[in-house]
Amino acid sequence: MTGLLEVTGLTAGYGGVRVLHSMDLTVAENEIVAVLGANGAGKTTLLRALSGTVKAGGGISFAGRALNGTSAARIARSGLGHVPQGRGTFTALTVEENVRLGVISRPASTRAQADGDLDRIYDTFPVLREMRRRPAGALSGGQQQMLALARALMARPRLLLIDEPSLGLAPLTSADMFSVLARLREEWSLSVLLAEQNARASLKVADRGIVLARGRVVAAAPAAELAADAGLRAAYLGESPDGLTGVSS
Ligand code: ATP
């Protein structure tokens, strides 16, 4: 399959310790791909390798251009947005100041349209418009996750790498967040690579999924197929074989 993002033989690690071992992965235009795996499987490292925040080997091609050796700042400006785990909110800045920080990762030629995009972002997240003059620290966990997505949108991405957006959120808030991802894909014509421990919820919104274990892809299939595979979920995602006890929901 040819895709917006094409990764072949990707390796990455920390210091001398290799964490990702020859990974292949494709994300097509307008596709949502879930990256699943237990704690420590390598999901975060995969997203960091793609965004250039961890040194990577192998082939990474995005929108037809090789990214190997490209700086993280340049990768972000090329349309590959990274929403890291922990959300990176500056709590003392206002909500709007946080959103505007995303402009840094925008191609210089599109900076003049930033205000128009801000309006569109507020249409997508009306709660952020209401709270725009409040300190970001006043937002709830779910709202801070929306803020992190809003800041990423300010950079005009074509593909968003989103790391564990449901982490620490209550189940209902987390369900809201997953439906926001589906809306972003439609309204912003985005592709999404979504790293999640919550297999059940992420497979509902994803088209395809890959399962990582110890830095390797151990399964790759359409989302519905992975969701139906109780044995796989038990082996790699920490669920009981009857599927009754989900991973963090
Ligand atoms: P989690 O769901 O806990 O975030 P993950 O699937 O995202 O897990 P990674 O965070 O990518 O997994 O971790 C993969 C491996 O890399 C683990 O063995 C972890 O201990 C190691 N690791 C992660 N970050 C670092 C780091 N900054 N320095 C050294 N080793 C790291």
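Residue numbers restart at each chain and count upward from 1, following the sequence in its written direction. At least 70 in pLDDT is required for a residue's local features to be given in this predicted model, at least 80 for side-chain atom pairs to be given and counted, and no such filter applies to totals for whole chains, interfaces and linings, which use all residues. Processing note: side-chain calculations cover all non-hydrogen atoms of the structure and skip hydrogens and water entirely.

Draft legend 1. Representation of the environment of D123 within the structure. Tracing the backbone through its elements, the reader meets D123 in helix 4 (residues 114-124). Residues D123 and Q145, 22 residues apart in the sequence, show an inter-C-alpha distance of 16 Å. Contacts are residue-level and defined by heavy atoms, with any inter-residue pair within 4.5 Å sufficient. Ignoring sequence-local partners within four residues, the contact set of D123 consists of R129 and R183. The helix count covers DSSP runs of H or I at least four residues long, the strand count covers runs of E at least two residues long, and both are numbered beginning at the N terminus.

Draft legend 2. Representation of the nonpolar core in the model. Counting 48 residues, the largest nonpolar core has F125, L128, L149 and L184 as the members making the most contacts within it. Here the element with the most residues in this core is helix 6 (residues 141-153); it accounts for 7 residues. The residues contacting F125, other than those within four sequence positions of it, are M146, L149, A150, L153, V180 and L184. The next biggest cluster of nonpolar side chains, apart from the first, holds 28 residues, and it includes V27, V35, A49 and F62. In this text, buried Ala, Val, Leu, Ile, Met, Phe, Trp, Tyr and Cys residues form a nonpolar core when linked through side-chain atoms within 4.5 Å. The buried label goes to any residue with under 20% of its type's maximum accessible area, the exposed label to any with over 50%, and the partly exposed label to all in between, with areas taken from a 1.4 Å probe on protein chains only.

Draft legend 3. Local environment of helix 4. Those residues of helix 4 lying buried are A114, D117, L118, I121, Y122 and T124. When helix 4 is viewed along its axis, its buried side chains cluster within an angular range of 150° and face the same direction. The directions from the helix axis to the C-beta atoms form the arc being described.

Draft legend 4. Region of interest: the side chain of Q197. Among the structural elements, Q197 can be located in the loop between strand 8 (191-196) and helix 8 (199-205). For Q197, a relative accessible area of 17% corresponds to the buried category. Among the polar contacts listed, one links the side chain of Q197 to the side chain of N39, at a separation of 2.8 Å. The definition of a polar contact used here is a pair of N or O atoms within 3.5 Å, where within protein one atom must be able to donate a hydrogen and the other to accept one, and adjacent residues in sequence count solely through side-chain atom pairs.

Draft legend 5. Representation of the site of the ligand in the model. To be near a molecule or strand, a residue needs just one of its heavy atoms within 4 Å of it. Within the structure, the ligand sits among 14 residues, and N39, G40, K43, T44 and T45 are positioned closest to it. Residue G40 places a main-chain N or O atom 2.8 Å away from an oxygen atom belonging to the ligand. In this structure, Q85 approaches the ligand through a side-chain N or O atom, which is 3.5 Å from an oxygen atom. For the ligand, whose unbound accessible area comes to 630 Å², protein coverage reaches 59%. For the shell around the ligand, the leading source of residues is helix 1 (residues 43-51), giving 4 residues. In the scheme used here, Gly and all other residues not listed as nonpolar or charged are polar, with Ala, Val, Leu, Ile, Met, Phe, Trp, Tyr, Cys and Pro taken as nonpolar and Asp, Glu, Lys and Arg as charged. Split into classes, the residues belonging to the shell around the ligand amount to 4 nonpolar, 7 polar and 3 charged. Working definition of accessibility: Shrake-Rupley area with a 1.4 Å probe, residue cover restricted to the visible protein chains.

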